[in-house]
Amino acid sequence: MIPLPEGDLTKRRRKNKYGAKRVILDGIRFDSQFESEVYLELKARLKNGEIVGLHCHRPFNLYGSDGRVVCTHEVDFLCVMPDGTQEAHEAKGASQALWKLKRKLFEASYPKIPYIVHYKRKRR
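Residues numbered from 1 in each chain as written. Predicted model: local features only at pLDDT ≥ 70, side-chain atom pairs only at ≥ 80, totals over all residues. Heavy atoms only, no water.

> Whenever I open this one, helix H2 (residues 97–109) confuses me. Can you help?
In an α-helix, one full turn covers 3.6 residues, which means residues spaced three or four apart are oriented alike. Its 13 residues give H2 an end-to-end C-alpha distance of 18 Å, which sits within 8% of 18 Å, the value for a rise of 1.5 Å per residue. Buried within H2 are the following residues: Trp 99, Lys 102, Leu 105, Phe 106 and Ser 109. Mapping the buried residues of H2 onto a view down its axis gives an arc of 125 degrees, with all of them on the same face. Along H2, exposed side chains directed more than 90 degrees from the buried face belong to Ala 97, Lys 104 and Ala 108. Against strand E3 (53–63), strand E4 (69–80), strand E5 (86–92) and strand E6 (115–119) lie the buried residues of H2. (Helix = DSSP H or I, 4+ residues; strand = E, 2+ residues; numbered from the N terminus. Expected span 1.5 Å × (residues − 1). Buried < 20%, exposed > 50% of the residue type's maximum accessible area, 1.4 Å probe, protein only. Arc of directions from axis to C-beta. Contact = heavy atoms within 4.5 Å.)

Set out below in structure tokens:
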């Protein structure tokens, strides 16, 4: 019989493919440090009154050309502006092909909601 390593194996976490570290801030789980920094920027804008609502990890149905739901996409942040309009904000360190496709589907499904991407600057 082979001895098992000590500790609970079900709690072992997989390392992120891109090296991002998960962060919990204000009781909200963020997939990366950069995403939490974008949250702090938007939270400051909320406090200043530039935006009146901030929702984290808001799911949206994405529709094909035939009007049927193709998939869902969870934007990192949905901001409500003082005039009632909305803005979707996404924190990105690296762009993958699937995300690019979902972004195009989002923009086609919700043309009145601007999709703003915050790109992480690479350190040199």
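> What exactly am I supposed to notice about the nonpolar core here?
One finds Phe 60, Leu 62, Val 75, Leu 78, Ala 88, Trp 99, Leu 105, Phe 106, Tyr 110, Ile 113, Tyr 115 and Val 117 forming the largest nonpolar core, which totals twelve residues. Sequence-distant contacts of Leu 62, defined by excluding residues within four places in its chain, comprise Arg 68, Val 69, Val 70, Cys 71, Thr 72, His 73, Lys 102, Leu 105, Phe 106, Ser 109 and Tyr 110. Core analysis: the second largest hydrophobic core is formed by eleven residues, Leu 42, Cys 79, Met 81 and Ala 91 among them. (Core = buried A, V, L, I, M, F, W, Y, C linked by side-chain atoms within 4.5 Å.)

> Help me out: how do you make sense of helix H1 (residues 33–48) in this one?
Its 16 residues give H1 an end-to-end C-alpha distance of 23 Å, which sits within 8% of 22 Å, the value for a rise of 1.5 Å per residue. Buried residues of H1: Phe 34, Glu 35, Ser 36, Val 38, Tyr 39 and Leu 42, and no others. In the core, the buried residues of H1 are packed alongside strand E1 (23–25), strand E2 (28–30), E3, E4, E5 and E6. Positive phi shows up at Gly 49, right after H1, with a value of about 90 degrees.

> Sorry, what's going on with the pairing of E5 here?
It is a general feature of regular strands that their side chains alternate between the two faces of the sheet. With six of its seven residues buried, E5 lies for the most part within the structure. As paired elements, E4 and E5 share four bridges and run antiparallel to each other. Note on E5: the bridge partner recorded for Cys 79 is Glu 87. Joining the antiparallel neighbours E4 and E5 is a turn of five residues, in which Gly 84 adopts a positive phi near 95 degrees. Here E5 pairs with E6 via five bridges, running parallel. Bridge pairing in E6 places Ala 91 opposite His 118. Between the parallel elements E5 and E6, the chain passes through H2 in a crossover that is right-handed. (Pairing = 2+ DSSP bridges. Right-handed = clockwise from strand over helix to strand, strands pointing away.)

> Looking at this structure, I do not really get the pattern of salt bridges. What am I missing?
When the charged atoms of two side chains lie near each other, side chains of opposite charge can form a pair. Tallying each qualifying case throughout the model produces six salt bridges. A salt bridge links Arg 22 to Asp 31, with the nearest nitrogen and oxygen atoms 3.8 Å apart. Linked by salt bridges that have partners in common, Arg 22, Arg 29 and Asp 31 make up one network. (Salt bridge = Lys/Arg side-chain N within 4 Å of Asp/Glu carboxyl O.)

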